[in-house]
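Listed below are the residues making up each chain.
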Amino acid sequence: MSDKGLRMTAIRVQRGDRLNVHGRWLEVKAIRPDHYASGGPVVTFVFKADPALRVPLGMQVIVRRRHGRRVW
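Rules of the game
- Residues numbered from 1 in each chain as written.
- Predicted model: local features only at pLDDT ≥ 70, side-chain atom pairs only at ≥ 80, totals over all residues.
- Heavy atoms only, no water.
- Helix = DSSP H or I, 4+ residues; strand = E, 2+ residues; numbered from the N terminus.
- Buried < 20%, exposed > 50% of the residue type's maximum accessible area, 1.4 Å probe, protein only.
- Contact = heavy atoms within 4.5 Å.
- Areas by Shrake-Rupley, 256 points an atom, 1.4 Å probe, with all protein chains shown as cover.

Caption draft 1: How the structure looks around the overall build of the protein chain. Helix and strand counts for the protein chain stand at 0 helices and 6 strands. Helices and strands appear in the protein chain in the N-to-C order β-β-β-β-β-β. The 72 residues of the protein chain split such that 28% are buried. Of all intrachain contacts in the protein chain linking residues separated by at least 6 positions in sequence, the fraction that spans at least 24 positions is 49%. Total accessible area on the protein chain stands at roughly 5100 Å², and carbon and sulfur atoms take up 53% of it.

Caption draft 2: Representation of the environment of V46 within the structure. Relative to the elements of secondary structure, V46 occurs in strand β4 (residues 41–47). Expressed as a C-alpha distance, the spacing of V46 and E27, which sit 19 residues apart in the sequence, is 8.6 Å. The contact partners of V46, leaving out residues within four places of it in the chain, are E27, V28, K29, A30 and R32.

So this is what it looks like as structure tokens:
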């Protein structure tokens, strides 16, 4: 894995991963499945010290995995 992180779909992010949000690496505290008002599926990422972020399931995000975790 490079220092820049891995690109993967939002649905594959796990608790403890760090997500790149506007150039900052934020640790994911919790992940909740959700839906937009229109009914489209999203994932809500809850961070330790920042506001939650809602992302469509298939959207590509940049992630750093906690040491020792595998990407399947």
